[in-house]
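In case you want the letters, here they are:
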Amino acid sequence: MNWEVEVIRKKDELIKDAQSFLQIESVLDEKGGREGKPFGEKVDEALQYMLNKGEIEGFTVKNVDGYAGHIEYGQGEDIVGVLCHVDVVPAGEGWTTPPFSADIRDNRIFARGAIDDKGPTMAAFYALKILKDAGLQLSKKIRMIIGTDEESDWRCVEHYFKHEAMPTIGFAPDADFPIIHAEKGIIDAVLSFTYQKEMSDKRYTLKQFTSGQRLNMVPDEAIATVTTAKEHDRDSLHMAFEAYLAEHQLSGEGKITDDGWQFTLKGVSVHAMEPSLGINAGIHMAKFLCQHELDEQGLAFTSHITALFDQDTRGQKLGIACQDDISGELTLNVGTIRYIQHEEATLGLNVRYPVTADGKDVRKGIESIKGARIEKFDDSQPHHVSKDHPLIKTLQRVYEEQTGDAASLIAIGGGTYARSLEAGVAFGPLFPGRPDCAHQKDEYIEIDDLLRATALYAQAMYELAK
Ligand SMILES: [Zn+2]
């Protein structure tokens, strides 16, 4: 088989179908959900669109309560899973052409979902069609599993795998080429602290302190409100704040509000996969505040944060630092800080631990924080397919044969859709060196890449299921 030639034969049809599919505004509509269409009309329309296409081709299709569906070809006991999703994140502003017009410019299709994940879904579908049209014999079933809630809570795969078999091996065309084979474990934890009420008056009282919106981002802003009894104390705190900003080359401001002095400190937001690339505004604010004569609660909270997390994104101070050769070092991000005097003192942490480490050890470390109570703890286990696994060997061979490039294995701190498969890896669609435009305005897929991915998926499906 010359896979590229087979794809070129179907090129016009593939592009046209990808465009019509991308024109469905398949954004989660929680309120519009009902039985059989849990994520709203439009997400359901996109699922139906694919299942209908499968039916027309004579594939076996199944709709699992509108949560997910599958399109299947081949026979045998074992299932090769290809996990895609039809839901997309909201379009946002600033597009050159409407986000659901699927306009073609410069040999690219521009649309929300073009690269994540409706373009690749159509590529996988055409790959399956190529195998069928060529009448290739298979000894396994190939099952395209089509999810509908990947961008939110993965309720699609959760429901689907409750009712349907787990493929023995598989891949998800929902991240990067060549192959992502290791994904760290991801822990989200929210801790609360209780402090005794203060005994004596101090120069400053910390009224409120807020930083960060999400656990998986380094916060780029922190706001603290401080009151003082005496005017000259106020001025000296403001001067100290300015000095702190200058010393650490940060920006921010202090201003008087009805509630007291309000300090705003700016950091640099990055994804929590590598927090050391950002500047955590919350930790800086805590570090600044705890150097002053604050009320006992405010001082305890900010000192605590500083002692545990200042200049440490590896969990060393917490005693949870670890690393392995496959996936590297544990990372730790303080994603949210919430403090209201006498009412609330909480921290939200996002920890990404190596594939050979144990989430329970991380939990122990977090539990050992003095005075902290775990309010929320969510551990998404690490995901790893060994480099010697036949799945990896096959995908590497296919990739190298078709592209001529080395199919190196990638380990990441983030999670891909592949982790919902037992033995699954992420395989494309973004080729090395291409900018990642998923979730951004003017999201696109290079038509050449769409075709290359289709040829790779066709051969990969065949080699895995033959
Ligand atoms: Zn995706």
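Above this text sits the structure in question.
Here the structure is a predicted model, which is why all the values come from computation and not from measurement. (Residues numbered from 1 in each chain as written. Predicted model: local features only at pLDDT ≥ 70, side-chain atom pairs only at ≥ 80, totals over all residues. Heavy atoms only, no water.)

To continue, consider the sheet that holds strand β24 (residues 444–446). Pairing in this open sheet of three strands is antiparallel, and the strands run β4-β5-β24 from one edge to the other. Where the open sheet ends on each side, the last strands, each with one partner, are β4 (103–105) and β24. Going from strand to strand, the sheet's axes swing by 25° on average, the running direction of each strand aside. For strand β5 (residues 108–110) and β24, the ladder comprises three bridges, and the chain directions are antiparallel. If you follow F110 over to β24, its bridge partner there is Y444. On top of the sheet, helix α2 (residues 11–22) reaches β4 and β5; it is set at about 15° to β5, its chief contact. Where helix α11 (residues 447–465) meets the sheet, it contacts β4, β5 and β24, and its direction lies at approximately 70° from that of β24. (Pairing = 2+ DSSP bridges. Helix = DSSP H or I, 4+ residues; strand = E, 2+ residues; numbered from the N terminus. Axes fitted to C-alpha atoms, helices over the stretch in contact; angles between N-to-C directions. Contact = heavy atoms within 4.5 Å.)

Among the residues of helix α9 (residues 359–367), those classed as buried are G359, V362, G365 and I366. The buried residues of α9 occupy one face: seen down the axis, they fall within an arc of 115°. With respect to the buried face of α9, the exposed residues turned more than 90 degrees away are K360 and K364. Tucked inside the fold, the buried residues of α9 contact β10 (185–193), β18 (344–353) and β19 (372–380). (Buried < 20%, exposed > 50% of the residue type's maximum accessible area, 1.4 Å probe, protein only. Arc of directions from axis to C-beta.)

All of the protein donors around the zinc ion are H85 (NE2), D116 (OD), D174 (OD) and D174 (OD); their distances to the metal are 1.9 to 2.6 Å. Here the zinc ion binds four donor atoms, and the angle range of 53 to 145° at the metal identifies the geometry as irregular. Sequence positions of the residues that donate to the zinc ion give the spacing H-x30-D-x57-D. Of the two residues, D116 sits in the loop between β5 and α4 (118–133) while D174 sits in the loop between β7 (169–172) and β8 (175–176), which places them 58 residues apart along the sequence. The exposure classification of D116 matches that of D174, with both residues buried. (Donors = N, O, S within 2.8 Å, 3.2 Å for Na, K, Ca; no water. Tetrahedral: all angles 85-135°; square planar, octahedral: opposite > 155°, others 65-115°.)

What follows concerns the sheet that holds β19. In sheet architecture, strand pairing relies on hydrogen bonds along the backbone and comes in two forms, parallel and antiparallel. One open sheet accounts for eight strands, arranged β13-β14-β12-β11-β17-β18-β10-β19; its pairing is antiparallel. The open sheet has two edge strands with one neighbour each: β13 (251–257) and β19. For this sheet the average axis-to-axis angle between neighbouring strands, irrespective of direction, equals 20°. Packing of helix α6 (residues 231–247) onto the sheet brings it into contact with β11 (204–211), β12 (221–228), β13 and β14 (260–266), and relative to β14 it is tilted by some 0°. In the packing of helix α7 (residues 281–289) onto the sheet, contacts are made with β11, β12, β14 and β17 (331–340), and the angle to β12 comes to roughly 25°.

Here we take up the pattern of salt bridges. Using the criterion set out here, one finds 36 salt bridges in the structure. Here K37 and E41 are joined by a salt bridge, their closest N and O atoms 3.3 Å apart. Among the residues examined, K37 registers a relative accessible area of 28% and is labelled partly exposed. Judged by its relative accessible area of 39%, E41 falls in the partly exposed class. Between R397 and E463 there is a salt bridge, with the nearest N and O atoms lying 3.5 Å from each other. Linking R397 in helix α10 (residues 390–403) with E463 in helix α11, this pair joins segments that are 66 residues apart in sequence. Accessibility expressed as a relative area gives 39% for R397, which makes it partly exposed. Residue classification places E463 among the buried residues on the basis of a relative accessible area of 15%. Bridged by salt links that share partners, the residues K10, E13, E57, K129, K132 and D133 form one connected network. (Salt bridge = Lys/Arg side-chain N within 4 Å of Asp/Glu carboxyl O.)

Next up on the list: the pairing of β7. Side chains of β7 alternate between two faces, with I169 and F171 and G170 and A172 buried alike. Taken together, the three bridges between strand β3 (residues 79–85) and β7 define a ladder with parallel strand orientation. Opposite V82, over in β7, you have F171 as the bridge partner. Note that β7 and strand β22 (residues 424–426) share three bridges and pair parallel. Residue F171 lies in a different strand from β22, and its bridge partner there is V425.

In this section: the state of the cysteines. The bond known as a disulfide is covalent and runs between the sulfur atoms of two cysteines. Taken as a whole and assessed by the stated rule, the structure comprises zero disulfides. With no disulfide of its own, C84 has C156 as its nearest cysteine by sulfur position, at a separation of 11 Å. Free cysteine: C437, not disulfide-bonded; nearest cysteine sulfur from C84 at 18 Å. (Disulfide = S-S within 2.5 Å.)

The subject of this paragraph is the pairing of β18. Of all ten residues in β18, nine are buried; the element is thus mostly enclosed. Where β10 lies against β18, eight bridges are found, and the strand directions are antiparallel. In the sheet register, L191 faces β18, and the bridge partner there is L347. Direction of pairing for β17 relative to β18: antiparallel, over a ladder of nine bridges. Bridged to R338 within β18 is T346. Taking the residues between adjacent antiparallel strands as the criterion, β17 and β18 are bridged by three residues, where H342 takes a positive phi near 65°.

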